[in-house]
Every structure is written in C-alpha cells, then in structure tokens.
Amino acid sequence: MAEDVLKRLKEAIMTYDVEGAVEASKEVIKTGFDPLKAIEQGLGEGLKVVGEKFGAGEIFLPMLMIAAQAMKESLAILEPTLAKGTSRKVAGKVVIGTVEGDIHDIGKSIVAAMLTANGFEVHDIGCDAPTSKFVEKVKAVNPDIIGMSALLTTTMPKMTEVINALKKEGLRGKVKIIVGGAPVSAAWAEQIGADSYGEDAMAAVDVVKKLVGK
Ligand code: B1M
C-alpha cells in the first residue's frame, strides 16, 4: 500500500499527469502516509527522472514545466501537513529565498516547510529574489539565519553578491548563512564564506539547528 502510493506519485510526475499526482497526494493525506517521504521518495524521485531526460535532450521544456506544475500542485496539498508538526516555541528565525535570476522554487519551499515543521519562524521571500530583497528582509525581521537556494550554475554567484551586500551593510556578523540547491556544495559554501551547506531538506534542518545552537 505504502509502496503503491510512492509508485503512483513518481509515475504521475514521470508521465506529466497533474491530475494523477494531485489524486495520489490527496490519498497520502487520507491514509496518514508520511508526507515528507511522499515528497522526497515519490514526487522528488519522479522529477529527478524528468530532469535527467530534459538534460539529455530527450524531452522538451513544456514537458518539464508540466511535471513541475504537477509537483507544485501536489506540494500545495502535502506541505501544510508537514507544518502541522510545528512546535509553538520558536527555535529561531530564518529568511529564505532563491537567488535572483533563478525561478526554481520547489526545493527551497520544501526546506522552508521542513524548517517551519521543526519550529522555526520562516520568512520565505520567494524565488528570483534580488539581493536587495534579502538585505531588506534581514533589516526588517532580524533573523538568526539566512538560507539561499540556487539551482543554476549561472545564478550561484548571486549568493556571493548577497554575502557582500550584507557585509557592506554591517549585517554579516549578525546572521548565519546556509546555502543549498542541486549544483551547490560544501566546497562552494566555504569558498563564498557561507557558514554551512545543506544537501537536502532534512540535512538543512540539522544544519540550521546546529547554527542556532540547538
Ligand atoms: Co530547470 N534546470 N530550468 N526548471 N530544472 C534544472 C536545475 C537543470 C539541472 C535541468 C537539466 O538540465 N538537467 C538545469 C540547470 C543546469 C545548470 O545550471 N547546471 C535547468 C535549466 C537549464 C533550466 C532553464 C534554464 C531551462 C530553459 O529555460 N532552457 C530554466 C531556468 C529558469 C530560471 O530559473 N531562470 C529552467 C526552468 C525550470 C522550470 C520552470 C521548468 C522548473 C522549475 C519550476 C519551479 O521551481 N517552480 C524546472 C525544474 C523543475 C527543474 C528540475 C527538473 C527539478 C528541480 C527541482 O525542483 N527538483 C532540475 C533538474 C534536477 O535538479 N534534477 C532543473 C526537486 C527539488 C525537491 O530538488 O531543487 O534540488 P532541489 O532541492 C533539494 C536540494 O537541492 C536541497 O533540498 C531540496 C529538497 O531535498 N536544497 C536546499 C534546495 N535548496 C536548498 C537550500 C538550502 C538547503 C538545501 O539551504 C538554504
């Protein structure tokens, strides 16, 4: 049964079946199946296959976009249940966004949802977020952590831009920085002077907890 729903989620994404993905996601909720597992091992695995096909030139962009839409609509159903485990005591404040020029928001949103589920107050500034938006939000909410996501090698340098802007404003010492996204690595985090790197959503939560001393 559990394996069946994972298979259905993965296949719905791989066959560009938005309705099928939504139906399977509703079933996840109805049956009390672990929503994180559904996202990472069902939907996420399917999207990886689609991404590989796109990278290999086997499918065109519209197909990738339909698969991404299926993922987004499914996440809209599953993410609120991730956040239900939220403890009321705030573990720390996080400002998170995908850097400018980059509209990939699925991974970042999962990280944001997982942080929320683990008791963090999360301010999600969305995707394609200009450097100035990160800085303004830091000034407005005074977070413990800034999280930056990038899925394109061409947008990774925007992370450096944000760090430099924070330094210029005298804010760098007041926040810890975690970076992530498929092309990002621990070596990159070190190179640009971030405090840490998260390989996936669970790792990001562990890292953020460590950074705030929990
Ligand atoms: Co695009 N895309 N895409 N895409 N896309 C990739 C990233 C790509 C690898 C596909 C490929 O060629 N194989 C490739 C990048 C190549 C590169 O730079 N090396 C690519 C490209 C080229 C492009 C376009 C340029 C295509 C075009 O127009 N010709 C274009 C760029 C648009 C732009 O941003 N300016 C584009 C567009 C799109 C869509 C709009 C169609 C869609 C995004 C929809 C959306 O997000 N709303 C899309 C998608 C879906 C993908 C793939 C298939 C999947 C990304 C995803 O959502 N994965 C992707 C291929 C791939 O990654 N295999 C691809 C699922 C998600 C759960 O994983 O985002 O990795 P991920 O997040 C993980 C971890 O990385 C980590 O935790 C998450 C959960 O486990 N993580 C963090 C993420 N952020 C973190 C932050 C943290 C910590 C951990 O701390 C703050």
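Residues numbered from 1 in each chain as written. Predicted model: local features only at pLDDT ≥ 70, side-chain atom pairs only at ≥ 80, totals over all residues. Heavy atoms only, no water.

Asks: I'm lost on the environment of E73 in this one. Help?
Replies: With respect to the helices, strands and loops of the structure, E73 is situated in helix α4 (residues 61-82). When the C-alpha positions of E73 and L43 are compared, they lie 11 Å apart, and in sequence the two are 30 residues distant. Ignoring sequence-local partners within four residues, the contact set of E73 consists of V18 and V22. (Helix = DSSP H or I, 4+ residues; strand = E, 2+ residues; numbered from the N terminus. Contact = heavy atoms within 4.5 Å.)

Asks: Sorry, what's going on with helix α9 (residues 201-211) here?
Replies: Quick reminder: α-helices carry 3.6 residues per turn. Residues three or four places apart thus point the same way. When α9 is considered as a whole, its buried residues turn out to be A201, A204, V205, V207 and V208. The buried side chains of α9 occupy one side of the element, clustering within an arc of 165° when seen end-on. Where α9 starts, the residue carrying a side-chain oxygen 2.9 Å from the main-chain nitrogen of A203 turns out to be D200. (Buried < 20%, exposed > 50% of the residue type's maximum accessible area, 1.4 Å probe, protein only. Arc of directions from axis to C-beta. Polar contact = N/O pair within 3.5 Å; in protein donor to acceptor, adjacent residues only side chain to side chain.)

Asks: Is there a simple way to explain the site of the ligand in this structure?
Replies: Close to the ligand lie 35 residues, the nearest being G101, I103, H104, D105 and S149. Within the backbone of D105, a nitrogen or oxygen atom sits 2.8 Å from an oxygen atom of the ligand. Each residue belonging to the shell around the ligand can be placed in one class, and the counts come to 18 nonpolar, eleven polar and six charged. For the shell around the ligand, the domains that each give at least three residues are domain 1 (2-82) and domain 2 (93-213). (Near = heavy atom within 4 Å. Nonpolar A, V, L, I, M, F, W, Y, C, P; charged D, E, K, R; others polar. Domains from an automatic or database assignment.)

Asks: Is there a simple way to think about the coordination of the cobalt atom of the ligand in this case?
Replies: Counting protein donors around the cobalt atom of the ligand gives one, H104 (NE2), at 2.2 Å. With respect to the secondary-structure elements, H104 resides in the loop between β1 (92-98) and α5 (106-117). (Donors = N, O, S within 2.8 Å, 3.2 Å for Na, K, Ca; no water.)

Asks: Would you explain the domain arrangement of the protein chain in this entry?
Replies: A common measure of how large an interface is: the accessible area buried when the components associate. By the assigned domains, the protein chain splits into domain 1 (2-82) and domain 2 (93-213). If you average the C-alpha positions of domain 1 and of domain 2, the two centres end up 25 Å apart. Each partner contributes residues to the interface: domain 1 has ten residues there, and domain 2 has nine residues. Of the roughly 750 Å² buried where domain 1 meets domain 2, counting both sides, 76% is carbon and sulfur surface. Interface area lost by domain 1 to domain 2 is led by L36, E79 and L82, which between them contribute 49%. At the junction of domain 1 with domain 2, the criterion picks out one salt bridge. In this structure, the salt-bridge partner of D105 is K72, at a minimum N-O distance of 3.6 Å. Between domain 1 and domain 2 we count zero residue pairs in polar contact (both at pLDDT 80 or more) in total. Listing elements by their share of the side of domain 1 that touches domain 2, those giving two or more residues are α3 (35-55) and α4. Of all the elements, α4 adds the most residues to the side of domain 1 that touches domain 2, at six residues. (Buried area = accessible area lost by both parts, 1.4 Å probe. Salt bridge = Lys/Arg side-chain N within 4 Å of Asp/Glu carboxyl O.)

Asks: Just checking my understanding: could you explain the packing of α3 against α4 for this structure?
Replies: When two helices pack together, their arrangement is given by the angle between the helix axes and by the axis-to-axis distance. The N-to-C vectors of α3 and α4 enclose an angle of 170°; their axes lie 10 Å apart at closest approach. Relative to α4, α3 is oriented roughly antiparallel. Here α3 contributes P35, L36, A38, I39, L43, G44, L47, V50 and F54 to the contact with α4, which in turn contributes L61, L64, A67, A68, M71, S74, L75, L78, T81 and L82. When the residues that make up the contact of α3 with α4 are grouped by side-chain class, the tally is 16 nonpolar, three polar and no charged. (Axes fitted to C-alpha atoms, helices over the stretch in contact; angles between N-to-C directions. Parallel < 35°, antiparallel > 145°, perpendicular 65-115°, else oblique.)

Asks: Help me understand the sheet that holds strand β4 (residues 176-180), please; the structure alone is not making it clear to me.
Replies: Hydrogen bonds along the backbone pair up the strands of a sheet, which may run parallel or antiparallel. Pairing within the open sheet is parallel, and its five strands lie in the order β2-β1-β3-β4-β5. Where the open sheet ends on each side, the last strands, each with one partner, are β2 (120-124) and β5 (196-198). Across the sheet, the mean angle from the axis of one strand to that of its neighbour is 25°, orientation sign disregarded. Of the strand pairs in this sheet, strand β3 (residues 145-149) and β4 are connected by five bridges, and their pairing is parallel. (Pairing = 2+ DSSP bridges.)

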